[in-house]
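# Chains, contacts and geometry: an overview
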Amino acid sequence: MSSAPTIPPQFEIVDQPLDTQMTISMGPQHPSTHGVLRLELVLDGEMVVKATPDIGYLHTGMEKLFEYKKYQQGIVITDRMDYLNPLGNNLAYVMAGEKLLGLEIPERAQTIRVLMCELQRIASHLVWLGTHALDIGAMTVFFYCFREREKILNMIEAASGGRLTPSYFRIGGLMMDLPAGFENRCKQFLDGFLPSLQEFHTLLSGNKIFQRRTQGIGRISAEDAIDWGLSGPCLRGSGIDLDLRRANPYTGYEKYDFEVPTEPDGDVWSRYMVRMREMKESHKIAVQALSRLRPGPVKADAPKVVLPDREAMKSHMDALIHHFLIVAEGFDVPAGEVYHPIEASKGELGVYMKSDGGPKPSRVHFRGPSFVNLSALPVMSEGEMVADVVAIIGSLDIVLGEIDR
Amino acid sequence: MENNEQATETSESLAATAPPFVAALQREHPECVSEVISAFGEFTVVVPRDHIVAACSFMKTSPDTQFNFLADICGADRGPEEEPRFEVNYHLFSTTKHHRVRLKVLLNEEDAHVQTVTTVWKTANWHERETFDLFGVIFDGHPDLRRILLPDDWQGHALRKDFPLRGYEPYSLK
(Lines give C-alpha, C1' and ligand atoms only; values in the text may rest on other atoms or scores of the structure.)
Protein backbone atom coordinates (compact mmCIF):
# COMPACT_ATOMS: atom_id res chain seq x y z
CA MET A 1 0.00 0.00 0.00
CA SER A 2 1.39 3.30 -1.04
CA SER A 3 0.90 6.34 1.12
CA ALA A 4 -1.69 8.98 0.19
CA PRO A 5 -0.44 11.34 -2.49
CA THR A 6 0.84 14.61 -1.14
CA ILE A 7 -1.27 17.62 -2.02
CA PRO A 8 0.60 20.69 -3.18
CA PRO A 9 0.03 23.52 -0.70
CA GLN A 10 -1.87 25.73 -3.17
CA PHE A 11 -4.56 23.05 -3.57
CA GLU A 12 -4.92 22.24 0.08
CA ILE A 13 -8.50 22.48 1.32
CA VAL A 14 -8.73 25.17 3.94
CA ASP A 15 -11.28 24.24 6.55
CA GLN A 16 -12.44 27.75 7.34
CA PRO A 17 -15.87 29.32 6.93
CA LEU A 18 -16.11 32.23 4.52
CA ASP A 19 -16.18 35.15 6.86
CA THR A 20 -15.71 37.79 4.22
CA GLN A 21 -18.18 39.31 1.83
CA MET A 22 -17.95 38.54 -1.83
CA THR A 23 -18.93 40.75 -4.74
CA ILE A 24 -20.21 39.02 -7.83
CA SER A 25 -21.54 40.28 -11.08
CA MET A 26 -24.88 38.81 -12.11
CA GLY A 27 -25.43 39.44 -15.79
CA PRO A 28 -25.44 41.10 -18.28
CA GLN A 29 -25.72 37.72 -19.98
CA HIS A 30 -27.58 35.97 -17.20
CA PRO A 31 -30.71 34.31 -18.62
CA SER A 32 -32.98 35.41 -15.81
CA THR A 33 -32.24 39.11 -16.21
CA HIS A 34 -34.55 39.31 -19.24
CA GLY A 35 -32.12 41.11 -21.45
CA VAL A 36 -28.94 42.88 -20.54
CA LEU A 37 -29.29 43.86 -16.92
CA ARG A 38 -26.23 43.60 -14.73
CA LEU A 39 -26.51 43.35 -10.97
CA GLU A 40 -23.58 43.91 -8.70
CA LEU A 41 -24.33 41.71 -5.71
CA VAL A 42 -22.44 41.87 -2.45
CA LEU A 43 -22.97 38.50 -0.81
CA ASP A 44 -22.50 37.14 2.64
CA GLY A 45 -22.59 33.44 1.99
CA GLU A 46 -25.75 33.08 -0.04
CA MET A 47 -27.44 36.17 1.38
CA VAL A 48 -27.58 39.42 -0.57
CA VAL A 49 -26.14 42.28 1.45
CA LYS A 50 -26.25 44.87 -1.27
CA ALA A 51 -27.60 44.86 -4.80
CA THR A 52 -26.74 47.55 -7.31
CA PRO A 53 -28.40 47.40 -10.72
CA ASP A 54 -26.25 48.53 -13.63
CA ILE A 55 -28.20 49.46 -16.74
CA GLY A 56 -27.54 51.11 -20.05
CA TYR A 57 -26.32 48.15 -22.10
CA LEU A 58 -29.20 48.61 -24.52
CA HIS A 59 -29.12 52.39 -24.66
CA THR A 60 -29.70 53.50 -28.24
CA GLY A 61 -30.44 57.18 -27.79
CA MET A 62 -34.12 56.93 -28.73
CA GLU A 63 -35.03 60.15 -26.96
CA LYS A 64 -32.38 61.96 -29.00
CA LEU A 65 -33.67 60.36 -32.18
CA PHE A 66 -37.21 61.68 -31.60
CA GLU A 67 -35.90 65.23 -31.90
CA TYR A 68 -34.67 64.50 -35.42
CA LYS A 69 -37.80 62.74 -36.65
CA LYS A 70 -41.22 64.07 -37.57
CA TYR A 71 -44.05 63.31 -35.18
CA GLN A 72 -45.44 60.48 -37.30
CA GLN A 73 -41.98 58.93 -37.71
CA GLY A 74 -41.57 58.80 -33.95
CA ILE A 75 -44.30 56.18 -33.62
CA VAL A 76 -42.09 53.42 -35.02
CA ILE A 77 -39.41 54.25 -32.43
CA THR A 78 -41.87 53.71 -29.60
CA ASP A 79 -42.50 50.12 -30.78
CA ARG A 80 -38.92 49.27 -29.92
CA MET A 81 -39.02 50.51 -26.33
CA ASP A 82 -41.22 48.10 -24.41
CA TYR A 83 -41.27 45.45 -27.11
CA LEU A 84 -43.74 43.30 -25.21
CA ASN A 85 -46.31 46.07 -25.07
CA PRO A 86 -45.76 48.10 -28.27
CA LEU A 87 -49.40 49.14 -28.66
CA GLY A 88 -49.32 50.68 -25.20
CA ASN A 89 -46.26 52.71 -26.19
CA ASN A 90 -47.95 53.77 -29.43
CA LEU A 91 -50.98 54.86 -27.48
CA ALA A 92 -49.08 56.98 -24.95
CA TYR A 93 -47.09 58.67 -27.70
CA VAL A 94 -49.95 59.42 -30.07
CA MET A 95 -52.19 60.61 -27.25
CA ALA A 96 -49.55 63.10 -26.15
CA GLY A 97 -49.45 64.40 -29.72
CA GLU A 98 -53.23 64.51 -29.91
CA LYS A 99 -53.33 66.48 -26.67
CA LEU A 100 -51.02 69.10 -28.18
CA LEU A 101 -53.04 69.22 -31.40
CA GLY A 102 -56.42 69.12 -29.65
CA LEU A 103 -57.78 66.32 -31.85
CA GLU A 104 -61.08 64.53 -31.29
CA ILE A 105 -60.82 60.80 -31.93
CA PRO A 106 -63.90 59.02 -33.34
CA GLU A 107 -65.74 56.51 -31.19
CA ARG A 108 -64.83 53.45 -33.24
CA ALA A 109 -61.13 54.27 -33.17
CA GLN A 110 -61.24 54.64 -29.40
CA THR A 111 -63.00 51.31 -28.96
CA ILE A 112 -60.48 49.57 -31.20
CA ARG A 113 -57.67 51.17 -29.21
CA VAL A 114 -59.08 49.80 -25.98
CA LEU A 115 -59.59 46.36 -27.51
CA MET A 116 -56.08 46.16 -28.95
CA CYS A 117 -54.45 47.52 -25.80
CA GLU A 118 -56.16 44.92 -23.64
CA LEU A 119 -55.18 42.11 -26.00
CA GLN A 120 -51.63 43.44 -25.89
CA ARG A 121 -51.76 43.59 -22.10
CA ILE A 122 -52.75 39.92 -22.00
CA ALA A 123 -49.92 39.07 -24.42
CA SER A 124 -47.44 41.01 -22.29
CA HIS A 125 -48.60 39.32 -19.10
CA LEU A 126 -48.33 35.93 -20.80
CA VAL A 127 -44.67 36.53 -21.60
CA TRP A 128 -44.13 37.60 -18.02
CA LEU A 129 -45.90 34.50 -16.71
CA GLY A 130 -43.98 32.13 -18.95
CA THR A 131 -40.55 33.58 -18.23
CA HIS A 132 -41.22 34.13 -14.53
CA ALA A 133 -42.18 30.47 -14.13
CA LEU A 134 -39.21 29.43 -16.27
CA ASP A 135 -36.83 31.38 -14.02
CA ILE A 136 -38.20 29.62 -10.97
CA GLY A 137 -37.91 26.24 -12.64
CA ALA A 138 -41.34 25.45 -14.06
CA MET A 139 -40.65 24.79 -17.71
CA THR A 140 -44.10 23.72 -18.91
CA VAL A 141 -45.95 26.99 -18.32
CA PHE A 142 -43.76 28.75 -20.85
CA PHE A 143 -45.09 26.70 -23.78
CA TYR A 144 -48.72 27.08 -22.77
CA CYS A 145 -48.27 30.85 -22.45
CA PHE A 146 -46.57 31.24 -25.79
CA ARG A 147 -49.25 29.15 -27.46
CA GLU A 148 -51.89 31.68 -26.34
CA ARG A 149 -49.69 34.67 -27.01
CA GLU A 150 -49.14 33.52 -30.56
CA LYS A 151 -52.87 33.83 -31.22
CA ILE A 152 -52.84 37.44 -30.03
CA LEU A 153 -49.77 38.28 -32.08
CA ASN A 154 -51.44 36.80 -35.14
CA MET A 155 -54.42 39.05 -34.57
CA ILE A 156 -52.19 42.09 -34.16
CA GLU A 157 -50.41 41.09 -37.34
CA ALA A 158 -53.71 40.79 -39.18
CA ALA A 159 -54.67 44.30 -38.09
CA SER A 160 -51.39 46.13 -38.51
CA GLY A 161 -48.97 43.98 -40.51
CA GLY A 162 -46.45 43.67 -37.69
CA ARG A 163 -46.32 41.11 -34.93
CA LEU A 164 -44.01 42.87 -32.51
CA THR A 165 -43.77 46.30 -34.11
CA PRO A 166 -47.33 47.16 -35.08
CA SER A 167 -47.28 51.02 -35.14
CA TYR A 168 -51.03 50.61 -35.42
CA PHE A 169 -52.10 53.79 -33.64
CA ARG A 170 -51.43 57.03 -35.44
CA ILE A 171 -51.81 60.63 -34.38
CA GLY A 172 -55.48 61.22 -35.14
CA GLY A 173 -56.72 57.65 -35.08
CA LEU A 174 -55.60 54.32 -36.47
CA MET A 175 -53.46 53.23 -39.38
CA MET A 176 -56.51 51.55 -40.93
CA ASP A 177 -59.70 49.84 -39.90
CA LEU A 178 -59.75 46.25 -38.65
CA PRO A 179 -59.57 43.65 -41.42
CA ALA A 180 -62.58 41.59 -42.44
CA GLY A 181 -63.17 38.63 -40.16
CA PHE A 182 -61.20 40.14 -37.28
CA GLU A 183 -64.17 40.27 -34.94
CA ASN A 184 -64.93 36.58 -35.33
CA ARG A 185 -61.32 35.67 -34.83
CA CYS A 186 -61.11 37.83 -31.73
CA LYS A 187 -64.32 36.37 -30.35
CA GLN A 188 -62.99 32.88 -30.89
CA PHE A 189 -59.83 33.74 -28.98
CA LEU A 190 -61.67 35.41 -26.11
CA ASP A 191 -64.04 32.45 -25.78
CA GLY A 192 -61.12 30.11 -25.36
CA PHE A 193 -59.01 32.32 -23.13
CA LEU A 194 -60.67 31.86 -19.76
CA PRO A 195 -60.25 28.06 -19.84
CA SER A 196 -56.57 28.61 -20.74
CA LEU A 197 -56.20 31.00 -17.83
CA GLN A 198 -57.63 28.33 -15.57
CA GLU A 199 -55.03 25.99 -17.02
CA PHE A 200 -52.24 28.38 -16.00
CA HIS A 201 -53.70 28.50 -12.50
CA THR A 202 -53.70 24.73 -12.21
CA LEU A 203 -50.10 24.64 -13.41
CA LEU A 204 -48.74 27.15 -10.91
CA SER A 205 -51.05 28.61 -8.29
CA GLY A 206 -51.54 25.38 -6.36
CA ASN A 207 -47.96 24.25 -6.80
CA LYS A 208 -46.29 23.95 -3.38
CA ILE A 209 -42.80 24.56 -4.76
CA PHE A 210 -43.92 27.70 -6.55
CA GLN A 211 -45.67 28.96 -3.43
CA ARG A 212 -42.62 28.38 -1.26
CA ARG A 213 -40.43 30.16 -3.80
CA THR A 214 -42.66 33.24 -3.93
CA GLN A 215 -44.59 33.77 -0.70
CA GLY A 216 -42.88 36.18 1.67
CA ILE A 217 -40.05 36.83 -0.80
CA GLY A 218 -39.07 40.31 -1.94
CA ARG A 219 -41.43 42.23 0.29
CA ILE A 220 -42.02 45.95 -0.14
CA SER A 221 -44.45 47.87 2.03
CA ALA A 222 -47.13 50.18 0.67
CA GLU A 223 -45.31 53.32 1.92
CA ASP A 224 -42.04 52.21 0.39
CA ALA A 225 -43.78 51.31 -2.86
CA ILE A 226 -45.11 54.86 -3.20
CA ASP A 227 -41.84 56.37 -2.07
CA TRP A 228 -39.96 54.41 -4.72
CA GLY A 229 -42.51 55.31 -7.37
CA LEU A 230 -43.65 51.78 -8.15
CA SER A 231 -46.64 51.58 -10.43
CA GLY A 232 -48.86 49.06 -12.10
CA PRO A 233 -49.07 45.49 -10.77
CA CYS A 234 -46.05 46.08 -8.50
CA LEU A 235 -47.88 48.87 -6.68
CA ARG A 236 -51.17 47.00 -6.57
CA GLY A 237 -49.28 44.00 -5.22
CA SER A 238 -48.51 46.14 -2.17
CA GLY A 239 -52.18 46.74 -1.53
CA ILE A 240 -52.62 50.14 -3.17
CA ASP A 241 -55.70 50.45 -5.30
CA LEU A 242 -54.40 52.59 -8.12
CA ASP A 243 -55.01 52.03 -11.78
CA LEU A 244 -54.68 54.94 -14.18
CA ARG A 245 -57.49 53.52 -16.30
CA ARG A 246 -59.62 54.45 -13.30
CA ALA A 247 -57.71 57.35 -11.76
CA ASN A 248 -57.00 59.35 -14.96
CA PRO A 249 -59.21 57.68 -17.58
CA TYR A 250 -58.18 58.03 -21.20
CA THR A 251 -59.52 56.83 -24.55
CA GLY A 252 -62.88 56.01 -22.99
CA TYR A 253 -61.86 53.61 -20.20
CA GLU A 254 -64.32 55.27 -17.83
CA LYS A 255 -67.14 53.60 -19.78
CA TYR A 256 -65.95 50.05 -19.15
CA ASP A 257 -66.84 47.87 -16.23
CA PHE A 258 -63.85 46.16 -14.63
CA GLU A 259 -62.23 45.63 -11.27
CA VAL A 260 -58.79 46.67 -10.08
CA PRO A 261 -57.23 43.64 -8.37
CA THR A 262 -55.00 44.30 -5.38
CA GLU A 263 -53.12 41.99 -3.03
CA PRO A 264 -51.98 43.09 0.43
CA ASP A 265 -48.64 41.39 1.04
CA GLY A 266 -46.22 43.13 -1.31
CA ASP A 267 -44.25 39.98 -2.05
CA VAL A 268 -43.53 38.06 -5.25
CA TRP A 269 -46.65 35.97 -4.79
CA SER A 270 -48.86 39.10 -4.51
CA ARG A 271 -47.48 40.53 -7.71
CA TYR A 272 -48.05 37.16 -9.37
CA MET A 273 -51.68 37.02 -8.23
CA VAL A 274 -52.35 40.62 -9.27
CA ARG A 275 -51.22 39.93 -12.81
CA MET A 276 -53.12 36.66 -13.01
CA ARG A 277 -56.32 38.38 -11.91
CA GLU A 278 -55.59 41.33 -14.17
CA MET A 279 -55.62 39.10 -17.23
CA LYS A 280 -59.18 38.14 -16.37
CA GLU A 281 -60.14 41.83 -16.11
CA SER A 282 -58.45 42.58 -19.42
CA HIS A 283 -60.46 39.77 -20.95
CA LYS A 284 -63.60 41.36 -19.50
CA ILE A 285 -62.74 44.76 -21.03
CA ALA A 286 -61.89 43.19 -24.37
CA VAL A 287 -65.25 41.38 -24.49
CA GLN A 288 -67.05 44.65 -23.73
CA ALA A 289 -65.04 46.55 -26.34
CA LEU A 290 -65.74 43.89 -28.96
CA SER A 291 -69.47 44.11 -28.31
CA ARG A 292 -69.35 47.91 -28.63
CA LEU A 293 -67.73 48.01 -32.06
CA ARG A 294 -69.99 49.97 -34.38
CA PRO A 295 -69.24 50.98 -37.95
CA GLY A 296 -67.77 54.43 -38.28
CA PRO A 297 -64.65 56.38 -39.17
CA VAL A 298 -61.35 55.43 -37.54
CA LYS A 299 -59.54 58.64 -38.31
CA ALA A 300 -60.11 62.13 -36.95
CA ASP A 301 -61.47 64.80 -39.23
CA ALA A 302 -58.19 66.70 -39.52
CA PRO A 303 -56.99 66.66 -43.14
CA LYS A 304 -53.76 68.51 -42.32
CA VAL A 305 -52.67 65.86 -39.80
CA VAL A 306 -54.26 62.56 -40.79
CA LEU A 307 -53.34 60.87 -44.05
CA PRO A 308 -56.31 60.76 -46.47
CA ASP A 309 -57.86 57.51 -47.65
CA ARG A 310 -56.21 55.94 -50.62
CA GLU A 311 -59.30 56.26 -52.81
CA ALA A 312 -59.84 59.90 -51.92
CA MET A 313 -56.24 60.63 -52.72
CA LYS A 314 -56.65 59.28 -56.24
CA SER A 315 -59.76 61.30 -56.98
CA HIS A 316 -59.48 64.55 -55.00
CA MET A 317 -56.83 67.16 -55.62
CA ASP A 318 -56.89 68.56 -52.07
CA ALA A 319 -56.48 65.07 -50.58
CA LEU A 320 -53.49 64.52 -52.83
CA ILE A 321 -51.93 67.83 -51.75
CA HIS A 322 -52.49 67.05 -48.07
CA HIS A 323 -51.00 63.59 -48.49
CA PHE A 324 -47.94 65.06 -50.17
CA LEU A 325 -47.45 67.74 -47.54
CA ILE A 326 -47.88 65.39 -44.57
CA VAL A 327 -45.42 62.87 -45.98
CA ALA A 328 -42.87 65.35 -47.32
CA GLU A 329 -42.96 68.07 -44.67
CA GLY A 330 -44.95 66.72 -41.74
CA PHE A 331 -47.54 68.68 -39.83
CA ASP A 332 -47.02 71.59 -37.51
CA VAL A 333 -47.82 71.05 -33.85
CA PRO A 334 -48.56 74.09 -31.66
CA ALA A 335 -45.89 75.06 -29.15
CA GLY A 336 -46.36 73.76 -25.64
CA GLU A 337 -45.64 70.83 -23.38
CA VAL A 338 -47.77 67.93 -22.18
CA TYR A 339 -47.32 64.88 -19.99
CA HIS A 340 -49.63 62.05 -20.86
CA PRO A 341 -49.70 58.98 -18.58
CA ILE A 342 -51.36 55.69 -19.43
CA GLU A 343 -51.61 52.39 -17.59
CA ALA A 344 -49.33 50.17 -19.62
CA SER A 345 -48.97 46.49 -18.83
CA LYS A 346 -46.10 47.25 -16.45
CA GLY A 347 -47.32 50.45 -14.83
CA GLU A 348 -47.48 54.15 -15.46
CA LEU A 349 -46.10 54.90 -18.88
CA GLY A 350 -45.84 58.67 -19.21
CA VAL A 351 -44.84 60.62 -22.27
CA TYR A 352 -43.52 64.14 -21.85
CA MET A 353 -43.70 65.90 -25.18
CA LYS A 354 -42.49 69.44 -25.78
CA SER A 355 -43.06 71.28 -29.00
CA ASP A 356 -41.61 74.57 -30.20
CA GLY A 357 -43.92 74.49 -33.21
CA GLY A 358 -42.92 72.86 -36.46
CA PRO A 359 -43.02 69.24 -37.60
CA LYS A 360 -40.48 67.82 -35.13
CA PRO A 361 -40.75 67.68 -31.34
CA SER A 362 -38.28 69.62 -29.25
CA ARG A 363 -38.14 66.95 -26.56
CA VAL A 364 -39.79 63.60 -26.02
CA HIS A 365 -39.24 61.78 -22.75
CA PHE A 366 -40.63 58.39 -21.79
CA ARG A 367 -41.26 57.65 -18.14
CA GLY A 368 -40.87 53.91 -18.39
CA PRO A 369 -42.53 51.88 -15.64
CA SER A 370 -39.78 49.24 -15.83
CA PHE A 371 -37.11 51.88 -15.23
CA VAL A 372 -38.70 53.04 -12.00
CA ASN A 373 -39.75 49.57 -10.82
CA LEU A 374 -36.21 48.29 -11.29
CA SER A 375 -34.79 51.12 -9.17
CA ALA A 376 -36.60 49.58 -6.19
CA LEU A 377 -34.94 46.20 -6.69
CA PRO A 378 -32.29 46.77 -3.97
CA VAL A 379 -35.01 47.41 -1.38
CA MET A 380 -36.74 44.15 -2.22
CA SER A 381 -33.72 41.91 -2.61
CA GLU A 382 -31.43 42.95 0.25
CA GLY A 383 -31.55 40.27 2.91
CA GLU A 384 -32.80 37.60 0.51
CA MET A 385 -30.99 34.66 -1.08
CA VAL A 386 -29.33 34.86 -4.49
CA ALA A 387 -31.86 32.45 -5.96
CA ASP A 388 -34.66 34.69 -4.74
CA VAL A 389 -33.22 37.64 -6.64
CA VAL A 390 -34.13 35.71 -9.78
CA ALA A 391 -37.71 35.39 -8.56
CA ILE A 392 -37.85 39.07 -7.64
CA ILE A 393 -36.58 40.24 -11.04
CA GLY A 394 -39.19 38.03 -12.65
CA SER A 395 -41.93 39.49 -10.49
CA LEU A 396 -41.01 43.05 -11.47
CA ASP A 397 -41.63 42.22 -15.15
CA ILE A 398 -38.93 44.48 -16.56
CA VAL A 399 -38.13 45.06 -20.20
CA LEU A 400 -34.66 46.41 -20.79
CA GLY A 401 -35.62 48.03 -24.08
CA GLU A 402 -37.74 50.48 -22.15
CA ILE A 403 -35.30 50.97 -19.30
CA ASP A 404 -32.33 51.85 -21.46
CA ARG A 405 -34.20 53.47 -24.35
CA MET B 1 -41.93 86.71 -15.72
CA GLU B 2 -40.59 87.59 -19.17
CA ASN B 3 -42.90 85.13 -20.87
CA ASN B 4 -46.13 86.84 -19.83
CA GLU B 5 -47.01 87.69 -23.41
CA GLN B 6 -47.24 84.10 -24.54
CA ALA B 7 -50.55 82.57 -25.55
CA THR B 8 -51.08 80.57 -22.39
CA GLU B 9 -52.68 82.03 -19.31
CA THR B 10 -50.32 83.35 -16.68
CA SER B 11 -50.31 84.04 -12.97
CA GLU B 12 -52.54 87.08 -12.82
CA SER B 13 -55.46 85.77 -14.85
CA LEU B 14 -55.21 82.42 -13.10
CA ALA B 15 -55.62 83.71 -9.57
CA ALA B 16 -59.35 83.00 -9.67
CA THR B 17 -59.27 79.71 -11.57
CA ALA B 18 -56.18 78.05 -10.09
CA PRO B 19 -56.94 74.61 -8.63
CA PRO B 20 -56.74 74.27 -4.83
CA PHE B 21 -53.33 72.59 -4.87
CA VAL B 22 -51.72 75.49 -6.74
CA ALA B 23 -53.58 78.03 -4.62
CA ALA B 24 -52.39 76.30 -1.44
CA LEU B 25 -48.76 76.52 -2.55
CA GLN B 26 -49.23 80.16 -3.48
CA ARG B 27 -50.83 80.94 -0.13
CA GLU B 28 -48.43 79.06 2.14
CA HIS B 29 -45.19 79.51 0.22
CA PRO B 30 -45.51 82.51 -2.10
CA GLU B 31 -41.71 82.56 -2.53
CA CYS B 32 -41.94 79.11 -4.20
CA VAL B 33 -44.10 80.30 -7.07
CA SER B 34 -42.67 82.56 -9.72
CA GLU B 35 -45.23 81.75 -12.40
CA VAL B 36 -48.27 79.53 -12.94
CA ILE B 37 -49.06 78.33 -16.45
CA SER B 38 -52.21 76.53 -17.47
CA ALA B 39 -52.14 74.86 -20.87
CA PHE B 40 -53.68 71.75 -22.45
CA GLY B 41 -55.51 71.00 -19.21
CA GLU B 42 -52.28 70.77 -17.21
CA PHE B 43 -50.87 73.09 -14.58
CA THR B 44 -47.24 74.07 -14.47
CA VAL B 45 -45.70 75.92 -11.54
CA VAL B 46 -42.36 77.53 -12.23
CA VAL B 47 -40.37 77.32 -9.01
CA PRO B 48 -37.23 79.36 -8.26
CA ARG B 49 -34.24 77.07 -8.10
CA ASP B 50 -33.47 77.58 -4.43
CA HIS B 51 -36.99 76.68 -3.30
CA ILE B 52 -37.57 73.38 -5.13
CA VAL B 53 -37.07 71.16 -2.07
CA ALA B 54 -39.38 73.33 0.04
CA ALA B 55 -42.01 73.31 -2.71
CA CYS B 56 -41.77 69.54 -3.12
CA SER B 57 -41.98 68.82 0.60
CA PHE B 58 -44.99 71.09 0.92
CA MET B 59 -46.70 69.48 -2.07
CA LYS B 60 -46.04 66.05 -0.64
CA THR B 61 -47.25 66.63 2.90
CA SER B 62 -49.94 69.29 2.85
CA PRO B 63 -53.50 67.90 3.16
CA ASP B 64 -54.65 70.21 0.34
CA THR B 65 -52.17 68.82 -2.14
CA GLN B 66 -51.18 65.26 -1.14
CA PHE B 67 -48.78 64.82 -4.05
CA ASN B 68 -47.22 61.75 -2.47
CA PHE B 69 -46.07 60.18 -5.75
CA LEU B 70 -43.25 61.53 -7.90
CA ALA B 71 -44.11 60.22 -11.35
CA ASP B 72 -41.16 61.56 -13.28
CA ILE B 73 -38.28 64.00 -13.46
CA CYS B 74 -37.04 64.96 -16.88
CA GLY B 75 -34.74 67.59 -18.23
CA ALA B 76 -35.14 69.63 -21.36
CA ASP B 77 -32.73 71.79 -23.30
CA ARG B 78 -34.06 74.95 -24.87
CA GLY B 79 -30.94 75.37 -27.01
CA PRO B 80 -27.46 76.80 -26.46
CA GLU B 81 -28.50 80.37 -27.33
CA GLU B 82 -31.37 80.47 -24.80
CA GLU B 83 -30.99 81.87 -21.29
CA PRO B 84 -31.97 80.18 -19.00
CA ARG B 85 -31.06 77.14 -21.03
CA PHE B 86 -32.17 74.07 -19.08
CA GLU B 87 -35.50 73.04 -17.65
CA VAL B 88 -36.03 70.34 -15.06
CA ASN B 89 -39.63 69.15 -14.89
CA TYR B 90 -41.02 67.37 -11.85
CA HIS B 91 -44.26 65.53 -12.58
CA LEU B 92 -46.19 65.03 -9.35
CA PHE B 93 -49.18 62.79 -8.83
CA SER B 94 -51.45 62.10 -5.89
CA THR B 95 -52.43 58.46 -5.32
CA THR B 96 -55.37 59.59 -3.20
CA LYS B 97 -56.75 62.62 -5.07
CA HIS B 98 -55.55 61.52 -8.51
CA HIS B 99 -54.53 65.00 -9.67
CA ARG B 100 -51.29 66.01 -11.34
CA VAL B 101 -49.05 69.06 -11.46
CA ARG B 102 -45.75 69.88 -13.05
CA LEU B 103 -43.09 71.83 -11.17
CA LYS B 104 -40.49 73.42 -13.36
CA VAL B 105 -37.05 74.76 -12.49
CA LEU B 106 -35.12 76.89 -14.98
CA LEU B 107 -31.33 76.72 -14.92
CA ASN B 108 -28.54 78.71 -16.54
CA GLU B 109 -25.86 76.87 -18.44
CA GLU B 110 -22.93 78.15 -16.35
CA ASP B 111 -24.64 77.30 -13.09
CA ALA B 112 -26.72 74.19 -13.83
CA HIS B 113 -27.06 73.17 -10.19
CA VAL B 114 -30.23 72.31 -8.33
CA GLN B 115 -30.81 70.74 -4.92
CA THR B 116 -31.75 67.05 -5.01
CA VAL B 117 -35.24 65.91 -4.03
CA THR B 118 -34.13 62.38 -3.11
CA THR B 119 -34.70 63.53 0.48
CA VAL B 120 -38.39 63.91 -0.35
CA TRP B 121 -38.95 60.90 -2.63
CA LYS B 122 -36.48 58.04 -2.95
CA THR B 123 -37.58 57.42 -6.52
CA ALA B 124 -35.95 60.70 -7.55
CA ASN B 125 -32.59 58.92 -7.37
CA TRP B 126 -32.57 57.33 -10.82
CA HIS B 127 -34.52 60.14 -12.50
CA GLU B 128 -31.93 62.65 -11.33
CA ARG B 129 -29.08 60.39 -12.41
CA GLU B 130 -30.64 60.17 -15.86
CA THR B 131 -31.06 63.93 -16.10
CA PHE B 132 -27.46 64.42 -15.00
CA ASP B 133 -26.26 61.84 -17.51
CA LEU B 134 -28.06 63.25 -20.51
CA PHE B 135 -28.09 66.99 -19.75
CA GLY B 136 -25.27 67.60 -17.30
CA VAL B 137 -27.51 69.14 -14.66
CA ILE B 138 -25.87 68.69 -11.24
CA PHE B 139 -28.15 67.68 -8.38
CA ASP B 140 -26.47 68.93 -5.20
CA GLY B 141 -26.66 66.51 -2.30
CA HIS B 142 -27.55 63.49 -4.45
CA PRO B 143 -26.23 60.32 -2.74
CA ASP B 144 -24.92 58.62 -5.87
CA LEU B 145 -24.67 60.99 -8.83
CA ARG B 146 -23.14 58.74 -11.50
CA ARG B 147 -23.99 58.25 -15.14
CA ILE B 148 -26.76 55.72 -15.58
CA LEU B 149 -27.43 55.07 -19.27
CA LEU B 150 -24.16 56.06 -20.93
CA PRO B 151 -20.74 54.59 -20.10
CA ASP B 152 -18.80 56.12 -17.22
CA ASP B 153 -16.11 57.51 -19.51
CA TRP B 154 -18.49 59.15 -21.96
CA GLN B 155 -17.60 62.71 -22.91
CA GLY B 156 -20.38 65.29 -23.01
CA HIS B 157 -24.09 65.08 -22.41
CA ALA B 158 -25.98 63.42 -25.22
CA LEU B 159 -29.38 65.10 -25.08
CA ARG B 160 -28.03 68.64 -25.20
CA LYS B 161 -29.05 70.36 -28.41
CA ASP B 162 -25.45 71.09 -29.40
CA PHE B 163 -24.46 67.43 -29.10
CA PRO B 164 -24.53 65.93 -32.62
CA LEU B 165 -26.90 63.03 -33.26
CA ARG B 166 -24.09 60.68 -34.21
CA GLY B 167 -21.63 61.91 -31.59
CA TYR B 168 -18.20 63.35 -32.22
CA GLU B 169 -16.40 60.12 -32.98
CA PRO B 170 -17.23 56.40 -32.97
CA TYR B 171 -17.29 55.23 -29.39
CA SER B 172 -15.06 52.35 -28.42
CA LEU B 173 -14.65 50.70 -25.09
CA LYS B 174 -11.24 51.51 -23.68
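See above for the structure.
Figured I'd write up the structure that's included with this text. Please read these numbers as outputs of a predicted model, since none were measured by experiment.

## Structural notes on the sheet that holds strand 3 (residues 47-54) of chain A
All names here are of chain A. Spatially, the three strands line up as an open sheet ordered 1-2-3, and their pairing is antiparallel. Among the strands making up the open sheet, the edge pair consists of strand 1 (22-26) and strand 3. Ignoring strand direction, the axes of neighbouring strands in this sheet form an average angle of 20°. Sheet topology note: the strand 2 (residues 38-44)/strand 3 ladder contains seven bridges and is antiparallel. Looking at the pairing, Leu43 lines up with Val48 of strand 3.

## Considerations on the interface of chain B and chain A
Accessible area lost upon the coming together of the parts is a frequently used measure of interface size. Each side of the interface is counted separately: chain B has 26 residues, and chain A has 32 residues. Of all the secondary structure elements, the ones that give two or more residues to the side of chain B that touches chain A are strand 3 (69-77), strand 4 (86-93) and helix 4 (124-135) of chain B. Per-element accounting of the side of chain B that touches chain A gives the leading share, six residues, to strand 3 of chain B. Each residue belonging to the side of chain B that touches chain A can be placed in one class, and the counts come to 15 nonpolar, seven polar and four charged.

## Looking at the pairing of strand 3 of chain B
Residues and elements named next belong to chain B. When you tally the buried positions in strand 3, you get nine out of nine residues, the bulk of the element. In terms of strand pairing, strand 3 meets strand 4 through eight bridges, oriented antiparallel. Counted as the bridge partner of Gly75 is Val88 from strand 4.

The rules behind each value
Residues numbered from 1 in each chain as written. Chains lettered and ligands numbered in written order. Predicted model: local features only at pLDDT ≥ 70, side-chain atom pairs only at ≥ 80, totals over all residues. Pairing = 2+ DSSP bridges. Helix = DSSP H or I, 4+ residues; strand = E, 2+ residues; numbered from the N terminus. Axes fitted to C-alpha atoms, helices over the stretch in contact; angles between N-to-C directions. Contact = placed C-beta atoms within 7 Å. Nonpolar A, V, L, I, M, F, W, Y, C, P; charged D, E, K, R; others polar. Buried ≥ 20, exposed ≤ 12 C-beta atoms within 10 Å, placed from the backbone.

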